[in-house]
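Below, each chain spelled out in residue letters.
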Amino acid sequence: MKTSYIFSILLLIPVLIIQTTVVPLISIGQVIPDLILILLIYYSITEGQIYGTVLGFFYGLIFDLVTGSLLGSAMISKTVAGFVAGYFSSENKIEIYLMFFNFGMIVFLSALVDQIIYAFFSAFDISSNILMIFFQNAFLPAFYTALLSMIIIIFAPKKRIL
C-alpha cells in the first residue's frame, strides 16, 4: 500500500471527529455539510480517479462503522463520488480545478451524486414525495457542502500540503 493511502486514511480520523461532533452544530435544520466528502474530492482531483475511488471506499466504510449507519450505504456513495470527482483529475489542470468556483462546482456535482445514492439507501420512504426527498436529502446538503468547500479553499494554502 502506498504511503499516500496511509496518510490520507490517517487524515480522515480528525476530519471524522469534527464531522460527527462539531459539524452538527452548524447544521441548518436537518442539512449537514460533509467534510469527509470535501477531503475525498480534494484527493480525487490531485491524485486521480482510481485513487479517489479506492479512497472513497475506505472513507465510506470507516464512516459506516463509526456512525453505525446502514453498512455499505456511505461506502457505495463515497466510492461513486470519488469516481465522479476523479474525472476532473488532470496533471495539467489541477491548479485550475482547485480554484474557488471550479472546486465548488466539482464538490456540488460529486456531493449531489453522493447524497442521492446515500438518500436512496437511508431515507427512502414510499409514502414520501420523491422530489421532496431529492430536495431535502440530496440537493440542500450538496449545496451546503459546496458552499463550505469554497470557504475552505479560500483559506487553504496554495502549496499542496495534504
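About the criteria used
Residues numbered from 1 in each chain as written. Predicted model: local features only at pLDDT ≥ 70, side-chain atom pairs only at ≥ 80, totals over all residues. Heavy atoms only, no water. Helix = DSSP H or I, 4+ residues; strand = E, 2+ residues; numbered from the N terminus. Contact = heavy atoms within 4.5 Å. Expected span 1.5 Å × (residues − 1). Bend = angle between axes of the 7 residues up to and from the residue. Buried < 20%, exposed > 50% of the residue type's maximum accessible area, 1.4 Å probe, protein only. Polar contact = N/O pair within 3.5 Å; in protein donor to acceptor, adjacent residues only side chain to side chain.

Caption draft 1: Structural detail: the overall build of the protein chain. Per the secondary structure count, the protein chain includes seven helices and zero strands. Helices and strands in the protein chain line up, N terminus first, as α-α-α-α-α-α-α. Seen through its principal axes, the protein chain has C-alpha atoms that stretch 50 × 30 × 30 Å. Counting only contacts in the protein chain whose residues sit at least 6 apart along the sequence, the fraction spanning at least 24 positions is 71%.

Caption draft 2: Looking closely at helix α7 (residues 130–155). Along its 26 residues, α7 runs 37 Å from first to last C-alpha, staying within 8% of the 38 Å computed at 1.5 Å per residue. Of all the bends found along α7, the most pronounced is centred on Phe139 and spans about 30 degrees, while Pro141, a proline, follows it within four residues. Turning to α7, its buried residues number three or more, namely Ile133, Ala138, Pro141, Ala142, Tyr144, Thr145, Ala146, Leu148, Ser149, Met150 and Ile153. For α7, the elements touching its buried residues are α2 (35–47) and α6 (100–122).

Caption draft 3: Structural detail: the side chain of Ser73. Among the secondary structure elements, Ser73 is positioned in helix α4 (residues 73–86). At 2.7 Å, the side chain of Ser73 forms a polar contact with the backbone oxygen of Leu70. With sequence-adjacent residues up to four places away left out, Ser73 is seen in contact with Asp64, Tyr118 and Phe121.

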